[in-house]
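Here is how the chains run, residue by residue.
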Amino acid sequence: MQCYDCFLESRASTVPVSPAIAAAACARCGAGVCGRHSHATYAPIPGSPASTGAPEARRITCDPCYQAETAAAGQT
Ligand SMILES: [Zn+2]
Ligand SMILES: [Zn+2]
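The paragraphs below set out a description of the structure included in this document.

The rules behind each value
- Residues numbered from 1 in each chain as written.
- Chains lettered and ligands numbered in written order.
- Predicted model: local features only at pLDDT ≥ 70, side-chain atom pairs only at ≥ 80, totals over all residues.
- Heavy atoms only, no water.
- Helix = DSSP H or I, 4+ residues; strand = E, 2+ residues; numbered from the N terminus.
- Rg over C-alpha atoms; globule rule 2.2 N^0.38 Å.
- Buried < 20%, exposed > 50% of the residue type's maximum accessible area, 1.4 Å probe, protein only.
- Contact = heavy atoms within 4.5 Å.
- Areas by Shrake-Rupley, 256 points an atom, 1.4 Å probe, with all protein chains shown as cover.
- Lys, Arg positive; Asp, Glu negative; His and termini not counted.
- Charge placed at Lys NZ, Arg CZ, Asp CG, Glu CD.
- Donors = N, O, S within 2.8 Å, 3.2 Å for Na, K, Ca; no water.
- Core = buried A, V, L, I, M, F, W, Y, C linked by side-chain atoms within 4.5 Å.

### Examining the overall build of the chain
And then number 1: Within the chain one finds two helices and four strands.
And then number 2: Taking 76 residues into account, the globule formula puts the C-alpha radius of gyration at 11 Å, and the chain, at 15 Å, lies well above it.
And then number 3: Expressed as lengths along the three principal axes of its C-alpha atoms, the size of the chain is roughly 55 × 25 × 15 Å.
And then number 4: When each of the 76 residues of the chain is scored for burial, the buried share is 22%.
And then number 5: Long-range contacts, defined here as pairs at least 24 residues apart, represent 44% of the contacts in the chain between residues at least 6 apart.
And then number 6: Total accessible area on the chain stands at roughly 5,200 Å², and carbon and sulfur atoms take up 56% of it.
And then number 7: Side-chain charges of the chain comprise 5 positive and 5 negative groups, with the mean position of each set lying 4 Å from the other.

Following this line, the structure appears as structure tokens:
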């Protein structure tokens, strides 16, 4: 699978660029994302006992989903 954001960039570009191989899949939209376009966030799973030092879960999102989620969370 190739990175979807790279694919969009290569399609918009006049110079043919081959999209990067996807290193992960966006947890929200399911698109493949390369390292350059992926965002990893770490947060405890809701309901987990944070006081016991429970490990944080990793979540990978693509560029647009990451920006949409941070905007929705009011963290822009
Ligand atoms: Zn990419
Ligand atoms: Zn996404």
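### Quick notes on the coordination of the zinc ion (ligand 1)
And then number 1: The coordination sphere of the zinc ion (ligand 1) contains the protein donors Cys3 (SG), Cys6 (SG), Cys34 (SG) and His37 (ND1), at a distance range of 2.0 to 2.3 Å.
And then number 2: Each donor residue of the zinc ion (ligand 1) belongs to the same chain, and together they define the spacing C-x2-C-x27-C-x2-H. Of this pair, Cys6 sits in helix H1 (residues 4–12) while Cys34 sits in the loop between strand E2 (32–33) and strand E3 (38–43), and the two are 28 residues apart along the sequence. The residues Cys6 and Cys34 share a single accessibility class, namely buried.

### Thoughts on the nonpolar core
Proteins that are soluble and globular tend to have nonpolar side chains buried together.
And then number 1: One finds Cys26, Val33, Ile60, Cys62 and Cys65 forming the largest nonpolar core, which totals five residues.
And then number 2: Beyond its immediate chain neighbours, meaning those up to four positions away, Cys62 contacts Asp5, Cys26, Cys29, Val33, His37 and His39.

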